[in-house]
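One-letter residues, chain by chain:
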Amino acid sequence: MDTHHHHPENDDQYAGLTVNSGVVQPPSVNPYFRPRRRRMPTVAEIVEGILKGDVTMLSRGVTLIESQAPDHYALAQEVIEKCLPYSGKSRRVGITGVPGAGKSTSIDVFGLHVLEKGGKLAVLAIDPSSERTKGSILGDKTRMEKLSQHPNAFIRPSPSAGSLGGVARKTRESIVLCEAAGFDNIFVETVGVGQSETAVHSMVDFFLLIQLAGTGDELQGIKRGIMEMADGIVINKCDGDNVDAARLAQTQFASALRLFPLPESGWRPEVLTYSGYYELGIKEVWDMIDRYFEFARRTGYFDQKRNQQSRYWMYETINERLREAFYGDPAVEEMLADRERLVLNNQQSSFIAARDVLNFYFSK
């Protein structure tokens, strides 16, 4: 018998007398209170979770990639390296269009169409506006109402920190994690306003441009550079009174494309019309994308392009890290401010000033 809790009253000679054990006192701290700091899972745990398709671990992995903290950078690179052998087995589709072209609705219905065939879809975004204003043109993922509730979809808004180059690299690395987690369709979304298209083009297999009809002179409204990047142009809101305008725009785009030289892929971009809102013509758009993949795989262009992209990102990353190291150096920062003043006061030429700062940096 436990002497520690021995009550003489409970002895046999005092039959009928028992002492009940005391009531457990509630803790003084709210038992539901959980401190915010979660334990950081290890690289092995994150990788294991990703390879099992655990979306929570995938999110943690992507958060690591997006983090600005230097120690997170090293961990993220380790996660990426371990996921790399399991990546590459997906279709990467870039989707762009001017604000108001109905991109979110379209991604919603395109996404559901893809998921109906089975498989999983990740939607990542590159938002160029976030670097300047810290605001976002793309708004929030909540606008993809159906997709954001779909169990096989993973939606991730743009990493908002840093330069476009940095944001793009992080998105490119996130693709690796998503693929390792079994997402066999990746959409990379961006706004049709310039530089970010080039970044998206450098990480996708097929580039889809969403256009609208009836917004004035269509061809003026879109930068030639973006049109040259497109593997397919689709004209949204081909419904109701807008059908004729959309068909006319289709003809205009098709004739404009004939003036361009045939792209490196040898694939002549197609122009289709559809309605995201009424979900018309969605299958046709997707059939075109299927045709492209079949074509690119047959000609070997698919692998060739992926290899080019890998090389491009190797150099991009080197450039970015060099720039960060240079501008992040406190002594350089001080010297730059000093030389800038001399240049602005016409006491030194910009070239000499640049040479001095670089010599100083390299001699450290």
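Here, every reference points to the structure presented above.
Residues numbered from 1 in each chain as written. Predicted model: local features only at pLDDT ≥ 70, side-chain atom pairs only at ≥ 80, totals over all residues. Heavy atoms only, no water.

**Things to note about the pattern of salt bridges**
Right, so step 1: The tally for this structure, following the rule as stated, stands at 18 salt bridges.
Right, so step 2: We note a salt bridge from Arg-156 to Glu-66, for which the minimum N-O separation is 3.3 Å. Separated by 90 residues along the polypeptide, Arg-156 in strand 3 (residues 153-156) and Glu-66 in helix 2 (residues 55-66) bring together distant segments of the chain. Both residues of the pair, Arg-156 and Glu-66, count as buried.
Right, so step 3: Across the pair Asp-338 and Arg-341 runs a salt bridge, and its minimum N-O distance is 3.0 Å. Taken together, the residues Asp-338 and Arg-341, both in helix 13 (residues 330-344) and three residues apart, mark about one turn of the helix.
Right, so step 4: Residue Asp-338 is classed as partly exposed on the basis of its relative accessible area, which comes to 30%.
Right, so step 5: For Arg-341, a relative accessible area of 48% translates into the label partly exposed.
Right, so step 6: Overlapping salt bridges bring together Arg-91, Lys-117 and Asp-290 as one network. (Salt bridge = Lys/Arg side-chain N within 4 Å of Asp/Glu carboxyl O. Helix = DSSP H or I, 4+ residues; strand = E, 2+ residues; numbered from the N terminus. Buried < 20%, exposed > 50% of the residue type's maximum accessible area, 1.4 Å probe, protein only.)

**Some points on the pairing of strand 3**
Right, so step 1: With burial as the criterion, each face of strand 3 is covered, one bearing Ala-153 and Ile-155 and the other bearing Phe-154 and Arg-156.
Right, so step 2: Of the pairings in the sheet, the one linking strand 2 (residues 121-126) to strand 3 comprises four bridges and is parallel in character. Bridging across to strand 3, Ala-122 finds its partner in Phe-154. (Pairing = 2+ DSSP bridges.)

**Remarks on helix 13**
Right, so step 1: Look at helix 13: 21 Å from first C-alpha to last across 15 residues, which is about the 21 Å you get at 1.5 Å a residue.
Right, so step 2: Of all the residues in helix 13, the buried ones are Val-332, Met-335 and Arg-339. All buried residues of helix 13 fall inside an arc of 70° around its axis, so they share one side. What points out from helix 13, more than 90 degrees from its buried face, is the exposed set Pro-330, Glu-334 and Leu-344.
Right, so step 3: One side-chain oxygen of the residue at the start of helix 13 lies 2.9 Å from the amide nitrogen of Ala-331, identifying that residue as Asp-329.
Right, so step 4: Of the residues one or two after helix 13, Asn-346 is the one with positive phi, at around 55°. (Expected span 1.5 Å × (residues − 1). Arc of directions from axis to C-beta. Polar contact = N/O pair within 3.5 Å; in protein donor to acceptor, adjacent residues only side chain to side chain.)

**As for helix 2**
Right, so step 1: Taking 1.5 Å per residue, 12 residues should reach 16 Å; helix 2 reaches 16 Å between its end C-alpha atoms and fits that length.
Right, so step 2: Among all positions of helix 2, only Met-57, Leu-58, Arg-60, Gly-61, Val-62, Leu-64, Ile-65 and Glu-66 are buried.
Right, so step 3: On its buried face, helix 2 is in contact with helix 1 (43-51), helix 3 (70-83), strand 3 and helix 6 (164-180).
Right, so step 4: By the N-cap criterion, in which a side-chain oxygen at the helix start approaches the backbone nitrogen of a residue two or three places on, helix 2 is capped by Asp-54, the distance to Thr-56 being 2.8 Å. (Contact = heavy atoms within 4.5 Å.)

**A look at empty space enclosed by the protein**
Right, so step 1: Evaluation of the coordinates by the stated rule reveals two cavities of 30 Å³ or more.
Right, so step 2: In this model, the largest cavity occupies a volume close to 40 Å³.
Right, so step 3: Lining the largest cavity, in full, are Glu-66, Leu-124, Ala-125, Arg-156, Pro-157, Pro-159, Lys-170, Thr-171 and Ser-174.
Right, so step 4: The set of elements that each furnish at least two residues to the lining of the largest cavity consists of strand 2 and helix 6.
Right, so step 5: Sorting elements by how many residues they give to the lining of the largest cavity places helix 6 first, with three residues.
Right, so step 6: Of the voids in this model, the second largest cavity is the one considered here, and its volume is about 30 Å³.
Right, so step 7: In this structure, the second largest cavity is lined by Asp-205, Tyr-292, Ala-296, Tyr-301, Phe-302 and Lys-305.
Right, so step 8: Counting residues per element, the ones that place at least two in the lining of the second largest cavity are helix 11 (282-299) and helix 12 (301-327).
Right, so step 9: A total of three residues in the lining of the second largest cavity trace back to one element, the largest contributor, which is helix 12.
Right, so step 10: Residues of the lining of the second largest cavity, tallied by class, amount to four nonpolar, no polar and two charged. (1 Å grid on protein atoms, 1.4 Å probe; cavity = no way out; pocket = protein on both sides within 12 Å on 5 of 7 lines; lining within 4 Å. Points joined across faces, edges and corners; volume = space filled by probe spheres on them. Nonpolar A, V, L, I, M, F, W, Y, C, P; charged D, E, K, R; others polar.)

**Some thoughts on the layout of surface pockets**
Right, so step 1: As a volume, the largest pocket reaches approximately 460 Å³.
Right, so step 2: Ile-80, Leu-84, Arg-172, Glu-173 and Val-176 are the residues nearest the centre of the largest pocket, which is lined by 21 residues in total.
Right, so step 3: The set of elements that each furnish at least two residues to the lining of the largest pocket consists of helix 3, helix 6 and helix 12.
Right, so step 4: By residue number, the principal contributor to the lining of the largest pocket is helix 12, which donates eight residues.
Right, so step 5: Class assignment for the residues of the lining of the largest pocket results in eight nonpolar, six polar and seven charged.

**Focus: the packing of aromatic side chains**
Right, so step 1: Evaluation of the coordinates by the stated rule reveals 14 aromatic pairs.
Right, so step 2: Taking the centre distance of 6.0 Å and the plane angle of 45° together, the rings of Phe-154 and Phe-183 count as tilted. Here Phe-154, found in strand 3, pairs with Phe-183, found in the loop between helix 6 and strand 4 (185-191); they are 29 residues apart in sequence, far enough to count as distant.
Right, so step 3: Where Tyr-312 meets Trp-313, the ring centres are 5.2 Å apart and the plane angle is 90°; that geometry is what we call edge-to-face.
Right, so step 4: Judged by its relative accessible area of 35%, Tyr-312 falls in the partly exposed class.
Right, so step 5: Look at Trp-313 and you get buried, because its relative accessible area is 6%.
Right, so step 6: Among the aromatic residues, ring-to-ring pairing joins Phe-206, Trp-267, Tyr-292, Phe-293, Phe-295 and Phe-302 into one connected group.
Right, so step 7: A cation sits over an aromatic face here: Arg-297 above Phe-302, 4.2 Å from the ring centre.
Right, so step 8: One Lys or Arg, Arg-321, reaches over the ring of Tyr-73 and ends 3.9 Å from the middle of that ring. (Phe/Tyr/Trp six-rings, centres within 6.5 Å; stacked < 30°, edge-to-face > 60°. Lys NZ or Arg CZ within 6 Å of the ring centre and 35° of its normal.)

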